[in-house]
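The residues making up each chain are set out below.
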Amino acid sequence: MTEQNKGVQYMKEGKLEEAAKFFTDEIEKNPSEPIGYINFGNLLLHMNDKERAERFYQKAIDLDPNAATAYYGLGNVYYEEENYKEAQEKFEKSIKLGLDEGDAYFMLGMTFQHQEQQKLALPYLQRASELSPDDESILFQYGLALAQTNQIDLAQQKFSTVLTINPKHSDAHYNMGVTYLYQEKVTEALDHFSEAIKIQPDHLLAANGKAKIEEMLNEQKKND
């Protein structure tokens, strides 16, 4: 295992001081190599020190203007700061430089989502789902983008896949319920709203949807 890999492993294990030591040593040994600065930037971002993380990513870019993961790191900094336009540009740059990974496309898609540009988000979330077909977060957000662009049947398929991966995903149950309402399948919608509440008792949207359906069904019984 290389020094860098040791540092990354320590970071994954939550041993942040050990990770910092390895990354610092690597920077001191190889001050002209960008990877040490990128890894230290990742650590700082993990610690929510966005200002210093930005400086380390920028240093990596100064050393190597084609360092795709440094641009990705900067994108994450700006995303965390809710500067979605700047984040978008950095994620686009990282992909252009060859970072063909699900997370990069996913984050780019999410920047468009936050800018209320769902149609622009779709192709990137689709690509992310192709690269990471078992990632429930990516599939769920792709489903939301499909629903927001009125592609209800396709959205339902994605929410169904999410529930296959994680049957306890309350938001996927809620959104499945919404798609069934669009299809006028009230019983199925009620089942999914009820399941969402069972999993997450404080799910207000599901509770509201369930209450409205029950009110409608009661009115129908009175009129029969």
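Model, not experiment: these values are computed from the prediction.

## Section: the overall build of the protein
Logical step 1: A tally of helices and strands in the protein yields 13 helices and 0 strands.
Logical step 2: The order of α-helices and β-strands along the protein, N terminus first, is α-α-α-α-α-α-α-α-α-α-α-α-α.
Logical step 3: On C-alpha atoms alone, the protein measures out to a radius of gyration of 22 Å, which is more than a quarter above the 17 Å that the 2.2 N^0.38 rule sets for 224 residues.
Logical step 4: Here the C-alpha coordinates of the protein stretch approximately 80 × 35 × 30 Å along the principal axes.
Logical step 5: The buried share among the 224 residues of the protein stands at 42%.

## Observations concerning the side chain of Gln88
Logical step 1: Structurally, Gln88 is set in helix α6 (residues 84-96).
Logical step 2: A distance of 3.1 Å separates polar atoms of two side chains, one belonging to Gln88 and the other to Gln115.
Logical step 3: Those residues in contact with Gln88 that sit more than four places away from it in its chain are Leu108, Thr111, Phe112 and Gln115.

## A look at the environment of Ala20
Logical step 1: Positionally, Ala20 belongs in helix α2 (residues 16-29).
Logical step 2: Residues Ala20 and Tyr10 lie 10 residues apart in sequence; the distance between their C-alpha atoms is 8.9 Å.
Logical step 3: Those residues in contact with Ala20 that sit more than four places away from it in its chain are Phe40 and Leu43.

## A word on the packing of aromatic side chains
Logical step 1: Inspection of every chain in the model, using the stated rule, returns 8 aromatic pairs.
Logical step 2: Ring geometry for Tyr72 against Phe91: centres 5.5 Å apart, planes inclined by 50 degrees, an arrangement best described as tilted. Of this pair, Tyr72 sits in helix α5 (residues 68-80) while Phe91 sits in helix α6, and the two are 19 residues apart along the sequence.
Logical step 3: Residue class for Phe91 comes out buried when judged on its relative accessible area of 0%.
Logical step 4: Relative to Tyr124, the ring of Phe112 lies with its centre 5.8 Å away and its plane at 10 degrees, an arrangement referred to as stacked. Separated by 12 residues along the polypeptide, Phe112 in helix α7 (residues 102-114) and Tyr124 in helix α8 (residues 118-131) bring together distant segments of the chain.
Logical step 5: Owing to a relative accessible area of 5%, Phe112 belongs among the buried residues under this scheme.

## Comments concerning the UniProt feature "repeat: TPR" (unreviewed entry) in the protein
Logical step 1: According to UniProt, the "repeat: TPR" (unreviewed entry) feature falls on residues 34-67, 68-101, 102-135, 136-169 and 170-203.
Logical step 2: A helix fraction of 79% and a strand fraction of 0% characterise residues 34-67, whose end C-alpha atoms lie 8 Å from each other.
Logical step 3: Note that residues 136-169 is 79% helix and 0% strand, and that its end C-alpha atoms are spaced 9 Å apart.

## Some thoughts on the nonpolar core
Logical step 1: With 60 residues, the main nonpolar core has Tyr57, Tyr79, Phe91 and Phe106 as its most contacted residues.
Logical step 2: The biggest single contributor to this core is α5, with 8 residues.
Logical step 3: In contact with Tyr57, not counting residues within four places along its chain, are Ile38, Gly41, Asn42, Leu45, Ala70, Gly73, Leu74 and Val77.

## Quick look at the pattern of salt bridges
Logical step 1: Applying the stated criterion across every chain yields a total of 8 salt bridges.
Logical step 2: Where Glu86 meets Lys90, a salt bridge forms, and the shortest distance between an N and an O atom there is 2.9 Å. Of this pair, Glu86 and Lys90 both sit in helix α6, 4 residues apart, which is roughly one turn of the helix.
Logical step 3: Note on Glu86: relative accessible area 25%, which makes it partly exposed.
Logical step 4: Note on Lys90: relative accessible area 15%, which makes it buried.
Logical step 5: One salt bridge in this structure joins Arg127 and Asp100, with 3.4 Å as the shortest N-O distance. A residue pair is termed long-range when its members are at least 10 positions apart, and Arg127 in helix α8 and Asp100 in the loop between α6 and α7 qualify at 27 residues.
Logical step 6: Linked by salt bridges that have partners in common, Asp100, Arg127 and Glu130 make up one network.

Criteria and thresholds
Residues numbered from 1 in each chain as written. Predicted model: local features only at pLDDT ≥ 70, side-chain atom pairs only at ≥ 80, totals over all residues. Heavy atoms only, no water. Helix = DSSP H or I, 4+ residues; strand = E, 2+ residues; numbered from the N terminus. Rg over C-alpha atoms; globule rule 2.2 N^0.38 Å. Buried < 20%, exposed > 50% of the residue type's maximum accessible area, 1.4 Å probe, protein only. Polar contact = N/O pair within 3.5 Å; in protein donor to acceptor, adjacent residues only side chain to side chain. Contact = heavy atoms within 4.5 Å. Phe/Tyr/Trp six-rings, centres within 6.5 Å; stacked < 30°, edge-to-face > 60°. UniProt positions renumbered as here; feature names shortened; annotations may be inferred. Core = buried A, V, L, I, M, F, W, Y, C linked by side-chain atoms within 4.5 Å. Salt bridge = Lys/Arg side-chain N within 4 Å of Asp/Glu carboxyl O.

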